Amino acid sequence: DSGVTQTPKHLITATGQRVTLRCSPRSGDLSVYWYQQSLDQGLQFLIQYYNGEERAKGNILERFSAQQFPDLHSELNLSSLELGDSALYFCASSVVTGATDTQYFGPGTRLTVL
Amino acid sequence: TQLLEQSPQFLSIQEGENLTVYCNSSSVFSSLQWYRQEPGEGPVLLVTVVTGGEVKKLKRLTFQFGDARKDSSLHITAAQPGDTGLYLCAGGSNYKLTFGKGTLLTVNP
């Protein structure tokens, strides 16, 4: 158990819909990262927040958005869903922020878009 | 765009055999991390290497960072079924990690 929690574990929805994925980082961790994992693309970095502020952006679509709240939990919002958005979405957290920091990954949310 | 190529993509071996997996890039990274991911779970960090030429050992696993900090290798000695999983390398620069697509290792009893 990494100490990072993600809800829900599974999510099935239809094209065009909007969903929200939630992440609670490990106690004391200020950085939260979101990743998308699919069979063809592998693990892709989406976005990072540090203490409530956006720190880095990766391959995140405009239909996707995220935020980190004052209690440090984070939400990833996915809208106008397409079949290709079906994937595993992971949240990770670390104490600070930097290329050498240990990131602790949550168990993931499996999103299926029908 | 920084890319990390991992090879082989799939590897199936017998218990007790040795193996090496590779992680290569044309870009320089400030750090290189190796993760192992088991089905239905998130990746778990195995090691971080930051210095060119650095070698780290973790029991039967040996990790090496290339002198130019563009590549890395993971060597497993006397593999065991418990080593089965997806091995991911990740290059660190600025505030983010770039992951390779991984090597799926199966160790058969």
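Residues numbered from 1 in each chain as written. Chains lettered and ligands numbered in written order. Predicted model: local features only at pLDDT ≥ 70, side-chain atom pairs only at ≥ 80, totals over all residues. Heavy atoms only, no water.

Participant: What should I look at first to understand the overall build of chain A in this one?
Facilitator: Scanning chain A from N- to C-terminus turns up zero helices and eleven strands. Its helices and strands in sequence order give chain A the pattern β-β-β-β-β-β-β-β-β-β-β, from N to C terminus. Along the longest, intermediate and shortest principal axes, the C-alpha atoms of chain A span 35 × 30 × 30 Å. Looking at chain A as a whole, 53% of its 114 residues qualify as buried. (Helix = DSSP H or I, 4+ residues; strand = E, 2+ residues; numbered from the N terminus. Buried < 20%, exposed > 50% of the residue type's maximum accessible area, 1.4 Å probe, protein only.)

Participant: I would appreciate a short explanation of the sheet that holds strand E3 (residues 19-24) of chain B in the present structure.
Facilitator: Backbone-to-backbone hydrogen bonds pair the strands of a sheet. The strands run either parallel or antiparallel. Residue and element names in this part refer to chain B. Taken together, five strands build an open sheet; the order of strands is E1-E3-E8-E7-E6 and the sheet is antiparallel. In this open sheet, the two edge strands, each paired with only one partner strand, are strand E1 (5-7) and strand E6 (55-58). Taken over all neighbouring pairs, the strand axes of this sheet differ in orientation by 15° on average, direction set aside. Here E1 pairs with E3 via three bridges, running antiparallel. Looking at E3, one finds that Glu5 is bridged to Asn24. (Pairing = 2+ DSSP bridges. Axes fitted to C-alpha atoms, helices over the stretch in contact; angles between N-to-C directions.)

Participant: So what exactly am I meant to see when it comes to the state of the cysteines here?
Facilitator: Simply put, the disulfide is a covalent bond whose two ends are the sulfur atoms of two cysteines. Summed over the entire model, instances satisfying the criterion amount to two disulfides over all chains. In this model, Cys23(A) is linked to Cys91(A) through a disulfide, with the two sulfur atoms separated by 1.8 Å. Judged by the torsion about the S-S bond (-50°), the Cys23(A)/Cys91(A) disulfide is left-handed. Taken together, the residues Cys23(A) in strand E3 (residues 19-24) and Cys91(A) in strand E9 (residues 87-94) connect sequence positions 68 residues apart. A residue is classified by how much of its surface remains accessible, and Cys23(A), at 0% relative accessible area, is buried. Residue classification places Cys91(A) among the buried residues on the basis of a relative accessible area of 0%. Here Cys23(B) pairs with Cys89(B) through a disulfide, and the sulfurs are 2.0 Å apart. Torsion about the S-S bond of the Cys23(B) and Cys89(B) cystine: about 75°, corresponding to right-handed handedness. Taken together, the residues Cys23(B) in strand E3 and Cys89(B) in strand E9 (residues 85-93) connect sequence positions 66 residues apart. Residues Cys23(B) and Cys89(B) agree in their burial class; the two are buried. (Disulfide = S-S within 2.5 Å.)

Participant: So what exactly am I meant to see when it comes to the environment of Pro39(B) here?
Facilitator: Residues and elements named next belong to chain B. With respect to the helices and strands, Pro39 occurs in the loop between strand E4 (31-37) and strand E5 (44-49). Classification of Pro39 as exposed rests on a relative accessible area of 77%. Each C-alpha atom, one on Pro39 and one on Gly102, is 13 Å from the other, the two residues being 63 residues apart in sequence.

Participant: Looking at this model, I keep getting lost on the interface of chain A and chain B. Mind explaining?
Facilitator: Accessible area lost during the coming together of the parts is what is often quoted as the interface size. Taken together, the contact pairs 24 residues of chain A with 22 residues of chain B. Summing both sides of the interface, chain A and chain B together bury roughly 1600 Å²; the carbon and sulfur share of this comes to 57%. Our count for the chain A to chain B interface comes out at zero salt bridges. The tally of links from chain A across to chain B stands at two residue pairs in polar contact (both at pLDDT 80 or more). Going through the elements one at a time, strand E4 (31-38), strand E5 (42-50) and strand E6 (53-57) of chain A are the ones with two or more residues in the side of chain A that touches chain B. (Contact = heavy atoms within 4.5 Å. Buried area = accessible area lost by both parts, 1.4 Å probe. Salt bridge = Lys/Arg side-chain N within 4 Å of Asp/Glu carboxyl O. Polar contact = N/O pair within 3.5 Å; in protein donor to acceptor, adjacent residues only side chain to side chain.)

Participant: Looking at this model, I keep getting lost on unusual backbone geometry. Mind explaining?
Facilitator: Trans peptide bonds make up the majority, and among non-glycine residues the majority have a negative phi. A cis geometry characterises the amide bond from Thr7(A) onward to Pro8(A), with omega recorded as -10°. Within the secondary structure, Pro8(A) is located in the loop between strand E1 (5-7) and strand E2 (10-13). Note the cis peptide between Ser7(B) and Pro8(B), where omega equals -10°. Structurally, the position occupied by Pro8(B) is in the loop between E1 and strand E2 (10-14). Phi at Asn51(A) takes a positive value of approximately 50°, unusual for a residue other than glycine. Examined against the element boundaries, Asn51(A) turns out to sit in the loop between E5 and E6. Its relative accessible area of 48% is what places Asn51(A) among the partly exposed residues. Even without being glycine, Arg69(B) reaches a positive phi, approximately 60°. By the element assignment, Arg69(B) lies in the loop between strand E7 (61-65) and strand E8 (71-76).

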